[in-house]
Amino acid sequence: MKYLYVYPEKCTGCRECSIACSLKKFGECNPKKAAITIVRDEFNRYEFPIICFQCEDPICLKFCHQNAYQIKDGIVLRDEDKCIGCRLCAVLCPYNAVTTIDDEIIKCDLCDGDPKCVKYCSTGALQYLDETEELEKRRKKMAERFLDIKANP
Amino acid sequence: MFKGKLGIIDLSKKKVTIKQTPDSLKKLFLGGRGLNSYYLYNMIKPGIDPFSSDNVLIFGTGFLTGTLVPNSSRFNVSAKSPETGILGDSNCGGYFAAELRYAGFERLIIKGKAKKPCYLYVIDNTIEIKDAKDYWRMDTTDVQQTLRRDLGHVEVACCGVAGENLVRFACVRTGVKNAAGRCGLGAVMGSKQLKAIAVRGTQGINIKYPEEMLENVEQLKEYIMNSKITSILGNVGTPLLYEVSNTLGAIRTKNSQLNAWSESLNADVIETFVEKMIGCSSCIVHCRHRNKLDGEGPEYTAVGLLGANLGIEDPAKVIELNNICNELGLDISSSGTILSWVFELYEKGIINKKITEEELRFGDFELAKKLLYKISRREGFGNILAESTKNVELFGKKSVDYLIAVKGLPQSDPHDCRYIKAFALGIATASRGADHLRSRPTLEIFLRLPQEVKDRIYGKGIPNDPTSYTAKEKTVYFSDNIFAVIDSLGICKFICHGFNSPHFIDYEWMKKLIHCASGWTFKEKDLQEVGKRVIDIERMFNNREGISREDDTLPKRYFDEPMTLKIAKGHYIDRGEFDKLLTRYYKIRGWTNDGIVKKERVKELEALA
C-alpha cells in the first residue's frame, strides 16, 4: 500500500502542492481550497505540510452520521452522494486534514494513486511511497507530534 | 473568475472605488510592470513632486501571479521615484501578490495622501482604509507580525521606519526580506502616510483550461528542474554570482576603486550561515536563504554592496548589515552604493567632518551599521545620506565623478560593468536608472557558452566575446523586451529565457501558459510587441521628465579608469565605442538619435485604452 509521507525539513513553503490540488479538484488555483495545506510563517521560521494521514481508525468516518465515509484499500474516502455537508468531519479531524471552504468539504483521496501534490513538489518534501515498517513509524510519530503541537502550541 | 479587480484608493478623499481592468488593456500590457507603467504614464502629470499627493502608487500583480505556473509570485510597485525623479518601479516576490489575487484583486492604485497614518485592509473583494497609529514607527518585521496577531494570517506589504522618514531609497517590504527595493517606493508609502497593506483572500483564480495547465506545468517543471543552474540556485542562491564576478575581476570594490575582493564572501562560505532554503509562492527554485542570524539572505547584491563595496570581509557582518537594511526598510543596493561613495569622498577630502560629523572609512562595520540607523531616522549625517544621489548639489561637482549611478539611481548590480560591454549598455539605458534587472544579458558572463546557443537567442552576428561592442545592442534589446514581458506576467526572472539560462521560459512557453490560464491566444510576435510597448511607454514617461541621450550614460569611472585586477585588468568603456553602441540601440528601438520615442509612436501609445 502506498501512502503520502511528509518531510517538512525539505518544504520551502511554496504551496505548489495545494495549488495543484485545487486546480485538479476545482479548476481553480487556490491554496486554501485543497486537501493539503501548507502551514507557514516566515517570521517564526517554519513550513509544515498538513496532509490526511488516512487513519486506521478515522474520526471523520467514526462520527459521520450519514455513513458517507468508508475505507477502501487503506484509503479513507468520502461519498459525495451520501454526504449532506454538515462538516462534522472537518470540525473533528484532529489533524485539520479535512478542509472546508465555499460549501465544499475537501478530503484527500490520493488522486486515485497519482497524487498531484507529490507531482508538483520540487524538493521531495512530499513523497508517495510504499508502506514500510520504518516509514509507518515515522508517520505515526509525526501524527503524534502534530497532536502534541496542537495541544501545546 | 480568472479576472481580478482593480481597486482605486484615494487617501485624501478616503474613497475606495472598485473596477475591472478592460481586457483590451490586458491584451496590450498583460499586467504587473506593463500595466503599472501604462497607468503611471496616464495618471501622473509631468513635473510633479514625488512626495506630493499628486503621485500615484501602484501595486500590480502579474497576469499569471498566484497560479500553478512556476515562480508566479511576483508583483510590481510603481510610482514616480523620489530618488530619481523619473519612472519608479520595482519587482518583488514573496506571498503578498498571490494573496492579493486570492482576495480578488489584480491591482491597487493609491492616490492622494492620508491626513494621519493609515493602512489598507484588503479581504475578499473589499478594501478598507484603517487607522495605523498603533503600527507607525514599527520596524518591518514587527509591523507584519503585529498585523497578523490583530487580523489573522494576512500577507503584508509595508514600509519601514526609513519609508516613514522619507528616505529617498526606502523600500517596500513583504515577509522577512522580500522587497520592492529600488527607486524609493517605501518613501512614497511614507509620504502618503500609508504604513502597510494587509491582505487575506479565500477566492480562487479560475483557470480556463485546468488540465492543460496541469500538463504544461508538469513539462515546464521538469524542463526547469533539469537545468544545472536551477539546482545551484536552489542550493546556494544568488551568492553564486559573487564568485563568478569576482573571478573575472568585476566585483565593485570600495566604490569601484578596485574590482576584486575577498573569497571569504564566496557562496560556499555564505552557505555555512544557511539554516534552510525556502521559496516564494509557487516557486520551484527556492533561492531564499533563511540565515542563522535571524533573517533571510544575503543575496548577491548584499554580498557585493554591503561587503566588497564597503570593504567588509566578514560574512557574518555582511549578513548583519543585510538584516538591518531589511528591518529598517532600506534598499540594499542604494545603501551600499551611497555609503561607499561618501567613504571615498571623505578619503579624497571632497567632503569633511563638517558634513559627515565623524571620520569615514572603508571596512568599518560599526560605522556602516550606525549610519544605516541614522539614515533611517534621518539623524545628523544620516539626514544628508537619506537624500541619496541628490547630494551631488551639497557635496559639489567633483563628487559626481565618484558616484556609481545612472539617472540618479545608484547601481544595483555589484558587477563592475567595465568588462562586459552589454552590461554597461544595459545599465545606461534601463528605464529606472542603473539597474541590472531590466535588461542584463547575464549569459555574457558565461564565457564558454557555445556560439550557436547565443545565435539562437539573440540572432546572428554577435561575437562570443563579452568585451566586444559589436552587435551588443541586440543582446540588450532582446533582454529588455523579454524581461518586460516576464515582469508583466508576474513570473520570476530566474526562470526567464536568457536571464540565467538559455533554456527557460521563452515566448513559446509564455504563449502556452497564457492560453491555458485565460484562453487567450497570443502569437510570439504579439508577446514581443508587449515587451516593446512596455519599454516605449516607460521611455515616454522618462522623456516627459526630460530624459534624453545625455542621460543614457555611465559613471565617469567606467569610462576613464581602466580596471586594475584579474582577467578584467586594463578594461574600461571607450566613449566613442559606447556612443556608437548607443546609437545602434536607439536605432533598433526605433527611437530618435537623441533617445526620444518618435511622435507617431507616442500618438499610437497614447491612444490605447
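Residues numbered from 1 in each chain as written. Chains lettered and ligands numbered in written order. Predicted model: local features only at pLDDT ≥ 70, side-chain atom pairs only at ≥ 80, totals over all residues. Heavy atoms only, no water.

1. A closer look at helix α15 (residues 365–377) of chain B
Residue and element names in this part refer to chain B. Its 13 residues place the ends of α15 19 Å apart at the C-alpha level, agreeing with the 18 Å of an ideal helix rising 1.5 Å per residue. Looking only at α15, the buried set comprises F365, L367, A368, L371, L372, K374, I375 and S376. Buried residues in α15 make contact with α5 (161–164), α12 (315–328), α13 (332–347) and α16 (381–385). With a side-chain oxygen positioned 3.2 Å from the backbone nitrogen of E366, the residue opening α15 is D364. One or two positions beyond α15, positive phi appears at R378, with a value near 50°. (Helix = DSSP H or I, 4+ residues; strand = E, 2+ residues; numbered from the N terminus. Expected span 1.5 Å × (residues − 1). Buried < 20%, exposed > 50% of the residue type's maximum accessible area, 1.4 Å probe, protein only. Contact = heavy atoms within 4.5 Å. Polar contact = N/O pair within 3.5 Å; in protein donor to acceptor, adjacent residues only side chain to side chain.)

2. Points about the confidence of the model for chain B
On average, residues of chain B score 97 in pLDDT, and 100% of them reach the 70 mark or higher. This complex was scored by the predictor with a pTM of 0.98 and an ipTM of 0.97. (pLDDT = per-residue confidence, 0-100.)

3. Some words on unusual backbone geometry
Note the cis peptide between G297 of chain B and P298 of chain B, where omega equals 10°. Within the secondary structure, P298 of chain B is located in the loop between β15 (288–291) and α11 (300–307). Notably, C111 of chain A is not glycine yet its phi reads approximately 45°, a positive angle. At D112 of chain A, a position not held by glycine, the phi torsion is positive, near 50°. Inspection of the secondary structure assignment puts D112 of chain A in the loop between β8 (104–106) and α4 (116–120). For D112 of chain A, a relative accessible area of 79% translates into the label exposed.

4. Section: the packing of α11 of chain B against α13 of chain B
Residues and elements named next belong to chain B. It is at 8 Å that the axes of α11 and α13 come closest, and there the two elements cross at 15°. On the basis of the axis angle, α11 is roughly parallel to α13. The crossing of α11 and α13 is left-handed. Taking contact as the criterion, the partners of T301, A302, L305 and L306 in α11 are, on α13, I332, S333, G336 and T337. Split by residue class, the contact of α11 with α13 holds four nonpolar, four polar and no charged. (Axes fitted to C-alpha atoms, helices over the stretch in contact; angles between N-to-C directions. Parallel < 35°, antiparallel > 145°, perpendicular 65-115°, else oblique. Left-handed = near helix turned anticlockwise from the far one by under 90°. Nonpolar A, V, L, I, M, F, W, Y, C, P; charged D, E, K, R; others polar.)

5. Let's talk about the pairing of strand β5 (residues 69–72) of chain A
All names here are of chain A. In the sheet, β5 pairs with strand β6 (residues 75–78) via four bridges, with the strands oriented antiparallel. Counted as the bridge partner of Q70 is L77 from β6. The turn joining β5 and β6, which pair antiparallel and follow one another in sequence, is formed by two residues; a positive phi near 50° is taken by D73. (Pairing = 2+ DSSP bridges.)

6. Section: the pattern of salt bridges
Residues and elements named next belong to chain B. This structure, assessed with the given rule, holds 66 salt bridges over all chains. For K407, the salt bridge is made with D552, and the minimal N-O distance between the two is 2.8 Å. Residue K407 is located in the loop between β16 (405–406) and β17 (409–410), and its partner D552 is located in the loop between α22 (524–544) and α23 (556–560); the two are separated by 145 residues in the primary sequence. R601 is the salt-bridge partner of D536, the closest N and O atoms lying 2.7 Å from each other. With D536 in helix α22 and R601 in helix α25 (residues 599–606), this pair connects stretches of sequence that are 65 residues apart. According to the relative accessible area criterion, D536 is buried, its value standing at 4%. Several salt bridges converge on common partners, so that one network encompasses R33, D89, R438, D487, K493 and E538. (Salt bridge = Lys/Arg side-chain N within 4 Å of Asp/Glu carboxyl O.)

7. Re the nonpolar core
Within the largest apolar cluster, 118 residues are counted, with the highest numbers of intra-cluster contacts made by L68 and M213 of chain B. Per-element accounting of this core gives the leading share, nine residues, to helix α20 (residues 472–489) of chain B. If near-sequence neighbours (up to four positions away) are discounted, M213 of chain B is found in contact with L23 and C29 of chain A together with T67, L68, V69, I207, C516 and A517 of chain B. Residues Y242, W261, I375 and F395 of chain B belong to the second largest nonpolar core, which totals 50 residues. (Core = buried A, V, L, I, M, F, W, Y, C linked by side-chain atoms within 4.5 Å.)

8. Points about empty space enclosed by the protein
Residues and elements named next belong to chain B. Throughout the structure, instances matching the rule amount to twelve cavities of 30 Å³ or more. The calculated volume of the largest cavity comes to roughly 920 Å³. Lining the largest cavity we find 46 residues, and of these R74, K177, A179, E299 and L437 sit closest to its centre. Here the lining of the largest cavity is built from residues that sort into 18 nonpolar, 16 polar and twelve charged. (1 Å grid on protein atoms, 1.4 Å probe; cavity = no way out; pocket = protein on both sides within 12 Å on 5 of 7 lines; lining within 4 Å. Points joined across faces, edges and corners; volume = space filled by probe spheres on them.)

9. Things to note about the sheet that holds strand β11 (residues 178–180) of chain B
Residue and element names in this part refer to chain B. A sheet is described by the order of its strands in space; here six strands give the open sequence β8-β7-β12-β9-β10-β11, paired in mixed fashion. With one partner strand each, in any of the chains shown, β8 (126–131) and β11 form the two edges of the open sheet. On average, adjacent strands in this sheet sit at an angle of 20° to one another, irrespective of strand direction. Sheet analysis places strand β7 (residues 118–123) next to β8, joined by six bridges and oriented antiparallel. Residue pairing for β8: L120 is matched across the bridge by I129. Sheet strands in contact with helix α4 (residues 140–151) are β7, β9 (155–159), β10 (172–174) and β12 (194–200), and its direction is about 140° off that of β9.

10. Looking at the interface of chain A and chain B
Of the residues lining the interface, 32 residues belong to chain A; the matching set on chain B comes to 50 residues. Broken down residue by residue, the surface that chain A buries against chain B is led by F43, R45 and Y120 of chain A, which jointly contribute 23%. Applying the counting criterion to the chain A and chain B interface returns nine salt bridges. A salt bridge links E42 of chain A to R148 of chain B; the shortest N-O distance between them is 3.3 Å. Inspection of the region where chain A meets chain B yields 26 residue pairs in polar contact (both at pLDDT 80 or more). Elements with a contribution of two residues or more to the side of chain A that touches chain B: α1 (16–26), β2 (28–29), β3 (37–41), β4 (46–50) and α4 of chain A. A breakdown of the residues in the side of chain A that touches chain B according to their chemical character gives 13 nonpolar, seven polar and twelve charged. The pairing of β2 of chain A with strand β13 (residues 205–206) of chain B spans two bridges and is classified as antiparallel. Residue pairing for β13 of chain B: E28 of chain A is matched across the bridge by N206 of chain B. (Buried area = accessible area lost by both parts, 1.4 Å probe.)

11. Some thoughts on the environment of I101 of chain A
All names here are of chain A. Structurally, I101 can be placed in strand β7 (residues 99–101). On the accessibility criterion, I101 (11% relative accessible area) is buried. Measuring from C-alpha to C-alpha, the distance between I101 and K33 comes to 6.4 Å, with 68 residues separating the pair along the chain.

12. Looking at a nonpolar patch on the surface
Taken together, F63, L88, V91 and L92 of chain A make up a surface patch of nonpolar side chains, about 350 Å² in accessible area. As for its position among the elements, L88 of chain A is in helix α3 (residues 88–92). (Patch = residues over 30% accessible without salt bridge, like charges linked within 9 Å, V, L, I, M, F, W, Y side chains within 5 Å. Areas by Shrake-Rupley, 256 points an atom, 1.4 Å probe, with all protein chains shown as cover.)

13. Some details on the side chain of D455 of chain B
Residue and element names in this part refer to chain B. As for its placement among the helices and strands, D455 is situated in helix α19 (residues 451–458). For the buried residue D455, which engages in no salt bridge, the nearest side chain bearing the opposite charge is K460, 5.1 Å off. Not counting residues up to four positions away in its chain, the partners in contact with D455 are K460 and G461. (Lys, Arg positive; Asp, Glu negative; His and termini not counted.)

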